[in-house]
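As a plain string of letters, each chain reads:
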Amino acid sequence: MKKLILSAVVLFGTMSIQANVLPVSKDTKATVIVQTEYTEVTADAVPAAVKTALQTAYPGAKLEKAFVNEKKEYKLEISVGDQKATVYSDVNGNWLKI
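Residues numbered from 1 in each chain as written. Predicted model: local features only at pLDDT ≥ 70, side-chain atom pairs only at ≥ 80, totals over all residues. Heavy atoms only, no water.

Student: Is there a simple way to explain the overall build of the protein chain in this structure?
Tutor: Within the protein chain, the secondary structure is distributed over two helices and five strands. Secondary structure elements in the protein chain, listed N-terminal to C-terminal, are α-β-α-β-β-β-β. By residue count, 19% of the 98 residues in the protein chain fall in the buried class. Looking at the protein chain alone, contacts between residues at least 24 apart form 38% of all its contacts between residues at least 6 apart. With the model as given, the accessible surface of the protein chain reaches about 8,000 Å², and the carbon-plus-sulfur share is 58%. (Helix = DSSP H or I, 4+ residues; strand = E, 2+ residues; numbered from the N terminus. Buried < 20%, exposed > 50% of the residue type's maximum accessible area, 1.4 Å probe, protein only. Contact = heavy atoms within 4.5 Å. Areas by Shrake-Rupley, 256 points an atom, 1.4 Å probe, with all protein chains shown as cover.)

Student: For this particular structure, what's the right way to read unusual backbone geometry?
Tutor: When glycine is set aside, most residues are seen to have a negative phi, and most peptide bonds are trans. For K72, which is not a glycine, the phi torsion comes out positive at approximately 60°. Looking at where K72 falls in the secondary structure, it is placed in the loop between β2 (62-68) and β3 (74-80). Taking the relative accessible area as the measure of exposure, K72 reaches 49% and is therefore partly exposed.

Student: How should I be thinking about the sheet that holds β2 in this particular structure?
Tutor: The strands making up a sheet are joined through hydrogen bonds of the backbone, oriented either antiparallel or parallel. Taking strand neighbours across the sheet as the criterion, the five strands line up as β1-β2-β3-β4-β5 in an open arrangement whose pairing is antiparallel. At either margin of the open sheet sits one strand with a lone partner, and together these are β1 (39-41) and β5 (95-97). The sheet shows a mean angle of 35° between the axes of neighbouring strands, direction not considered. Inspection of the sheet shows β1 paired to β2 by three bridges, in the antiparallel sense. Note that in β2 the partner of V41 across the bridge is A66. (Pairing = 2+ DSSP bridges. Axes fitted to C-alpha atoms, helices over the stretch in contact; angles between N-to-C directions.)

Student: Where do I start with the environment of A48 in this structure?
Tutor: Of note, A48 is situated in helix α2 (residues 48-57). For the pair A48 and N92, spaced 44 residues apart in sequence, the C-alpha to C-alpha distance is 8.7 Å.

Student: Mind showing me how you'd approach the nonpolar core here?
Tutor: Generally speaking, a soluble globular protein has its nonpolar side chains buried in company with each other. Among the nonpolar cores identified, the biggest contains 10 residues, and these are V46, V50, L54, A61, A66, V68, Y74, L76, I78 and V87. Elements supplying a minimum of two residues to this core: α2, β2 and β3. When residues of this core are assigned to their parent elements, the largest contribution, three residues, is made by β3. If near-sequence neighbours (up to four positions away) are discounted, V46 is found in contact with K51, L63, A66 and Y74. (Core = buried A, V, L, I, M, F, W, Y, C linked by side-chain atoms within 4.5 Å.)

Student: I would appreciate a short explanation of the environment of E77 in the present structure.
Tutor: Note that E77 resides in strand β3. Considered as a pair, E77 and K62 are 15 residues apart in the sequence and their alpha carbons are 8.7 Å apart.

Student: What's the story with the packing of aromatic side chains in this structure? I'm lost.
Tutor: Working definition: an aromatic ring pair is given by the centre-to-centre distance plus the angle between the planes. What the rule picks out here adds up to two aromatic pairs. Relative to W95, the ring of Y58 has its centre 6.2 Å away and its plane inclined at 80°; by these criteria the two rings are edge-to-face. Of this pair, Y58 sits in the loop between α2 and β2 while W95 sits in strand β5, and the two are 37 residues apart along the sequence. A relative accessible area of 22% places Y58 in the partly exposed class. (Phe/Tyr/Trp six-rings, centres within 6.5 Å; stacked < 30°, edge-to-face > 60°.)

Printed below as a string of structure tokens:
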């Protein structure tokens, strides 16, 4: 009986020691940066479908700057009155981000 109690005490003692020794990191961070490179293009280089979608969605909008990436996605800096915005479109005039 003494051996059984002694074994239980040793077993629980070693389990509590291992639980205290394991490192716990609270400062774990994951950073994912996804950046698509855009290059500036002239307003003439923007497809007609994109221009039509822009005038339909934002009547009277003025295209200030246009950029395109390798996926043929367009970043358009526009102004409507005194407000400015950046919108994103694919080559067919479908909005990606507004």
